[in-house]
Amino acid sequence: MKRKYYLLLILTLLAVLLSACRIAGSDRWTAIKKEKEIVVGLDDTFVPMGFRDKKDKIIGFDVDLAKAVFKEYGIKVKFQPIDWTLKETELKNESIDLIWNGYTVNKERAEKVAFSQPYMKNEQVLVTLKKNNIRSFAGMKGKLLGAQNGASALDDMAKQPEVLTNIIKNKQPELYDSFNDAFIDLNNNRIDGLIIDNVYARYIIAKQKNRADYRITTGGFKPADFAVGMRKTDKTLKKKVNQAFDKLYKEGKMQQISKKWFGKDEISKQPEN
């Protein structure tokens, strides 16, 4: 009798675990449609892509774009702030369904995730204070450079060490959890320059009272694409995101969102799916 009881208990527990847990390695689209919710992981300090306003609400270009994409399917988007250095781990562990926050496409990341089609061009720029008279990447020789931990700029620096890594002080940048902290140190002369995404640099500088004090230098690294990151098993999800991009682009809605946040159309032309 006891044996039957324990066997029944074990089978019940297994059934509960199987029903509660997502099946690893599966295409999640059917479950997402059923739940009518998808979880987007983001760095909530990355203006203007995804950040908190004065009321602590998460807003931004990527936030508006994600909402527009999943509105096409009647799905609510939940925005989950994450440690940006662990973004691929969060995705693999299914804590989130998408990485969508100025996520740069590169070879290293493509080994871990699947990408949507690109929706915007971006490049890494050097931000300095004009008073320091740094007019090129080469001007950072022997000086302190700041960068965000986990940012794609670090990949660019590793692939082309001659551009910055080999010439900056300590042969490595000072790493920050957020660009906001890095800007504070730049303004207080604790670092001499900051390698940063162009979209962030131009947006945040435009909001500064001392915006005329900054210099943005381009040309050190090649431009790259922003895209949405997802698990490689989520083939249907990838197809749905791309199809929505195509539709929103044709309708001019992607361009409208871009003009809201950047004042102009920065959207990459979308291929038909």
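Thresholds, definitions, all that
- Residues numbered from 1 in each chain as written.
- Predicted model: local features only at pLDDT ≥ 70, side-chain atom pairs only at ≥ 80, totals over all residues.
- Heavy atoms only, no water.
- Helix = DSSP H or I, 4+ residues; strand = E, 2+ residues; numbered from the N terminus.
- Buried < 20%, exposed > 50% of the residue type's maximum accessible area, 1.4 Å probe, protein only.
- Contact = heavy atoms within 4.5 Å.
- Areas by Shrake-Rupley, 256 points an atom, 1.4 Å probe, with all protein chains shown as cover.
- Lys, Arg positive; Asp, Glu negative; His and termini not counted.
- Charge placed at Lys NZ, Arg CZ, Asp CG, Glu CD.
- pLDDT = per-residue confidence, 0-100.
- Arc of directions from axis to C-beta.
- Salt bridge = Lys/Arg side-chain N within 4 Å of Asp/Glu carboxyl O.

A. Highlighting the overall build of the chain. A tally of helices and strands in the chain yields 10 helices and 15 strands. Taken along the three principal axes of its C-alpha coordinates, the chain extends 85 × 50 × 35 Å. Split into buried and exposed, the 273 residues of the chain put 48% on the buried side. Within the chain, residue pairs in contact and separated by at least 24 positions form 75% of the contacts whose partners lie at least 6 positions apart. Counting every atom, the chain has about 14600 Å² of accessible surface; 52% of that belongs to carbon and sulfur. Here the chain holds 50 positive side-chain charges and 35 negative ones, and the gap between their average locations is 2 Å.

B. Quick peek at unusual backbone geometry. Going from V47 to P48, the amide bond is cis rather than trans, its omega being 0°. Within the secondary structure, P48 is located in the loop between β2 (45-46) and β3 (50-52). Although it is not a glycine, N170 sits at a positive phi angle of roughly 70°. Inspection of the secondary structure assignment puts N170 in the loop between α6 (152-159) and β11 (174-176). The phi angle at K171 is positive, at roughly 60°, despite the residue not being glycine. Checked against the element boundaries, K171 lands in the loop between α6 and β11. Taking the relative accessible area as the measure of exposure, K171 reaches 52% and is therefore exposed.

C. Focus on the confidence of the model for the chain. Across the chain, pLDDT averages 90, with 90% of residues at or above 70. Here residues 14-22 is a poorly scored stretch, pLDDT under 50, and it has 3 contacts once near neighbours within four places are set aside; other chains count.

D. Summary view of helix α10 (residues 253-262). All of the buried residues in α10 are M254, Q255, I257, S258 and W261. For α10, the angular spread of the buried residues around the axis is 160°, confining them to a single face. Facing away from the buried side of α10, by more than 90 degrees, are the exposed residues Q256, K259 and K260. Of the surrounding elements, those touching the buried residues of α10 are β3, β4 (58-59), α3 (61-71), α8 (198-206) and α9 (235-250). The positive-phi residue at the C-terminal boundary of α10 is G263, with phi of around 80°.

E. Structural view of the side chain of D197. Within the secondary structure layout, D197 lies in strand β12 (residues 193-197). With no salt bridge to any partner, buried D197 finds its closest opposite charge in R109, at an N-O distance of 7.5 Å. The contacts of D197, once residues within four sequence positions are left out, are F46, T104, N122, E123, Q124, V125, S152, F179 and F226.

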